[in-house]
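# Structural description and commentary
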Amino acid sequence: MGMLQSLSPLVDFPLRRRENACDLRTCERIIGGHVLVNRPERLGTEKNERRVEALREAATAVEQEKEILLEMIHSIQNSQDMRQISDGEREELNLTANRLMGRTLTVEVSVETIRNPQQQESLKHATRIIDEVVSKFLDDLGNAKSHLMSLYSACSSEVPSGPVDQKFQSIVIGCALEDQKKIKRRLETLLRNIENSDKAIKLLEHSKGAGSKTLQQNAEGKFN
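The text that follows walks through the structure, step by step, so that each part is easy to find. (Residues numbered from 1 in each chain as written. Predicted model: local features only at pLDDT ≥ 70, side-chain atom pairs only at ≥ 80, totals over all residues. Heavy atoms only, no water.)

### Quick look at the overall build of the protein
Looking only at helices and strands, one finds seven helices and zero strands in the protein. Ordered by position from N to C terminus, the α and β elements of the protein give α-α-α-α-α-α-α. Burial statistics for the protein: of 224 residues in total, 20% are counted as buried. Expressed as a percentage of contacts within the protein between residues at least 6 apart in sequence, the contacts between residues at least 24 apart total 64%. Summed over all atoms, the accessible surface of the protein reaches about 16800 Å², with 57% contributed by carbon and sulfur. (Helix = DSSP H or I, 4+ residues; strand = E, 2+ residues; numbered from the N terminus. Buried < 20%, exposed > 50% of the residue type's maximum accessible area, 1.4 Å probe, protein only. Contact = heavy atoms within 4.5 Å. Areas by Shrake-Rupley, 256 points an atom, 1.4 Å probe, with all protein chains shown as cover.)

Below, the structure written as structure tokens:
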């Protein structure tokens, strides 16, 4: 009897090994991504990684849509057409534009970009250069526009039609990919705003010239 009791642990040893193996598999299922041998869990992590990237892309698209909407509303408020309608219509359109502007600004979306110290410094440098050009808009709009176009050409993957700011290009290349896209979008927006301003000024000058000509003709008619 004593012999059988002493042999019992040896007889049960294979069973305990099977139980321990089951416990190991259970442990692997619990810690999931930390155990690379568990391929189904690892594939689930890869799927989640794709969803995270899709989420970031969707949030970035919302950011861009917000920027476009604000720009469009601002352009409507400052368009030449607003000067050609009645005061009542203009007031109604401004109220609608302000309401839409306010509702658009309630949408808050922020996608943080992960940067290393070098990319952070490159972004600061690129932003500082653009800000310096923008600060010169009132002093010399034509020169500022030419400078912005050379900066934009430095960010474009297409063959540029004008000069390229090589120094700015090397700075942008040092930025994170997401920041490169944002820098290019900002330059596009600035160039569009300048273009719209040019058109508004030309239309205003044309209307002034036409008005002066009409006044001159009326004055000549009175004297004749």
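### Overview of the pattern of salt bridges
Using the criterion set out here, one finds six salt bridges in the structure. Across the pair Glu 178 and Arg 56 runs a salt bridge, and its minimum N-O distance is 2.9 Å. Pair noted here: Glu 178 is in helix 7 (residues 177-223) and Arg 56 is in helix 2 (residues 39-77), with a separation of 122 residues, a long-range link. Residue Glu 178 is classed as partly exposed on the basis of its relative accessible area of 30%. Here Arg 90 makes a salt bridge to Asp 87, at a shortest N to O gap of 2.7 Å. Taken as a pair, Arg 90 and Asp 87 lie in helix 3 (residues 87-105) at a separation of three residues, close to a single helical turn. (Salt bridge = Lys/Arg side-chain N within 4 Å of Asp/Glu carboxyl O.)

### Some details on the packing of helix 4 (residues 117-134) against helix 5 (residues 141-155)
Interhelical geometry of helix 4 versus helix 5 gives an angle of 160° and a closest axis separation of 9 Å. Of the possible angle classes, the one that applies to helix 4 and helix 5 is roughly antiparallel. Considering only the axes of helix 4 and helix 5, their crossing is left-handed. In this structure, helix 4 contributes Ile 129, Ile 130 and Val 133 to the contact, and helix 5 contributes Ala 144, His 147, Leu 148 and Leu 151. Looking at the contact of helix 4 with helix 5 residue by residue, the class counts come to six nonpolar, one polar and no charged. (Axes fitted to C-alpha atoms, helices over the stretch in contact; angles between N-to-C directions. Parallel < 35°, antiparallel > 145°, perpendicular 65-115°, else oblique. Left-handed = near helix turned anticlockwise from the far one by under 90°. Nonpolar A, V, L, I, M, F, W, Y, C, P; charged D, E, K, R; others polar.)

### Looking at a nonpolar patch on the surface
A surface patch of nonpolar side chains, about 250 Å² in accessible area, is lined by Ile 68, Leu 69 and Met 72. For Ile 68, the position within the fold is in helix 2. Residue Ile 68 is classed as partly exposed on the basis of its relative accessible area of 40%. (Patch = residues over 30% accessible without salt bridge, like charges linked within 9 Å, V, L, I, M, F, W, Y side chains within 5 Å.)

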